[in-house]
Amino acid sequence: MSHNDEHETDDAVSLQNDSGLGLSRRAFLQRTALAAGVTAMTATCLGPLSANMVPSEDGTVVGYKDTPKLPWAPEYHKHDPDRPWPTDITPGELCCPDKPGTAPPEDAIVLFDGEDTSRFEPNDWRVENGELVAYGGNIHTRDAFGDCQLHIEWQAPDPPRGGTTDRGNSGVFFMSRYEIQIFDSYTEKIYPDGIAGAVYGETPPMVHPIRPPGQWNIYDLVFTAPVFDGDDVVKPATVTLLFNGVLAQNHTTIHGPCAWREILPYSPHAPKEPLMLQEHGNPVRFRNIWIREI
Ligand code: MG
């Protein structure tokens, strides 16, 4: 079995077993796109089964070398395994591991409080122990958001679940398009623009302060929406990420909608669009999700 075949098998198995639906890849992608009410563009972030993954020169990471060079980082291919891995650092200890993050301030919109999932649709992720568990497809908010501050806590499955491309994979998709990656890059090395805290496929986090599977990670994000003039983007989106309290993205420009292996240009959309959470074949857990419109 070739290297590529191994990944294909991993991916297919995780879809069948972890989604719990036995969906074909195509059906899964279609459902994902339809559920989000967005184009198939977003679904491309999931990636098809076929893959030409290759190891990095030092053999520690896998990624792609047959993809386009990134205009904003021209020395690297998209998902380049030889892009420098951000420094792994240990975040500060949580004072309260079972209740790690900041409770919502007075003016926040609480998207998930441990019980109520009604702010999301489709409304079929599971709630267990006050936690929202990814299941069966992406979900998105009923409300639309533009510029915002988002607090979200997530935990990768323990024991780890999923192959190289699925390991604890989820994601925060601002405007259902622009992904800040959630991934168990504590236990699985993948191309740096696909690890936790990356603007997926674009920019790795500056540092990698991830906690192990089964422990809570905290994202505090500030997102500014792109501005369009007709078909042209006149101001790209940006994102700032505090990853477990550590600055990992600093007003980072987002160069276009999320895409796997390709570079997609901006395409005009409404000034506010739903926030989407990704389901990528394994049960990532979430708690304490709140948002403030800016
Ligand atoms: Mg993802």
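Each chain carries its own residue numbering, running from 1 in the direction its sequence is written. The model is predicted, so local features are restricted to residues of pLDDT at least 70 and side-chain atom pairs to those at 80 or more, both for listing and for counting; the totals for chains, interfaces and linings are taken over all residues.

Only DSSP runs of H or I with at least four residues qualify as helices, and only runs of E with at least two residues qualify as strands; both kinds are numbered from the N terminus onward. The number of helices and strands found in the chain is 3 helices and 21 strands. Taken over 294 residues, the chain has a buried fraction of 47%. Working definition of a contact: two residues with C-beta atoms, positioned from the backbone, lying within 7 Å. A separation of at least 24 residues holds for 65% of the contacts in the chain among residues at least 6 apart in sequence. With C-beta atoms placed from the backbone, a residue is labelled by how many other C-beta atoms lie within 10 Å of its own: buried for 20 or more, exposed for 12 or fewer, partly exposed between the two.

Here we come to the environment of Tyr 76. Structurally, Tyr 76 is set in strand β4 (residues 73-77). Assessed through the 21 C-beta atoms surrounding it within 10 Å, Tyr 76 is described here as buried. The sequence separation of Tyr 76 and Lys 65 amounts to 11 residues, and the corresponding C-alpha distance is 8.7 Å. Not counting residues up to four positions away in its chain, the partners in contact with Tyr 76 are Lys 69, Leu 70 and Arg 83.

The next thing to look at is the pairing of strand β13 (residues 178-182). Among the 5 residues of β13, 5 are classified as buried, and the element is accordingly described as predominantly covered. Burial along β13 is two-sided: Tyr 178, Ile 180 and Ile 182 facing one way and Glu 179 and Gln 181 facing the other are all buried. Across 5 bridges, the pairing between strand β12 (residues 170-174) and β13 is antiparallel. Its bridge partner lying in β13, Val 172 is registered against Ile 180. Only when DSSP finds a minimum of two bridges between them are two strands counted as paired. Linkage of β12 to β13, two consecutive antiparallel strands, is achieved through a turn of 3 residues, within which Met 175 is found at a positive phi near 55 degrees.

Quick look at the sheet that holds β13 now. The strand order β7-β10-β20-β12-β13 describes an open sheet built from 5 strands, whose pairing is antiparallel. Looking along the sheet, the strands with just one partner apiece sit at the ends: β7 (120-121) and β13.

What follows covers the nonpolar core. With 55 residues, the main nonpolar core has Val 172, Tyr 219, Leu 221 and Val 239 as its most contacted residues. In this structure Tyr 219 touches Ile 152, Val 172, Ile 180, Leu 241 and Phe 243, once residues within four positions along its chain are discounted. By convention in this section, buried Ala, Val, Leu, Ile, Met, Phe, Trp, Tyr and Cys residues joined through C-beta atoms within 7 Å make up a nonpolar core.

Take the pairing of strand β10 (residues 139-145) next. Where β7 meets β10, 2 bridges bridge the pair, whose relative direction is antiparallel. Pairing of Glu 121 across the sheet is with His 140, part of β10. In the sheet, β10 pairs with strand β20 (residues 273-277) via 4 bridges, with the strands oriented antiparallel. Bridging across to β20, Ala 144 finds its partner in Pro 274.

Turning our attention to the confidence of the model for the chain. pLDDT expresses how confident the predictor is about each individual residue, on a scale running from 0 to 100. Residues of the chain with pLDDT of at least 70 account for 83%, and the chain-wide mean is 86. Contacts from residues 1-43, a stretch scored under 50 in pLDDT, to residues over four places away or in other chains number 75 contacts.

Looking at where Asp 82 falls in the secondary structure, it is placed in the loop between β4 and β5 (87-88). Residue classification places Asp 82 among the partly exposed positions, given that 18 C-beta atoms sit within 10 Å. As for Asp 82 and Ser 56, which are separated by 26 residues in sequence, their C-alpha atoms are 5.2 Å apart. The residues contacting Asp 82, other than those within four sequence positions of it, are Ser 56 and Glu 57.

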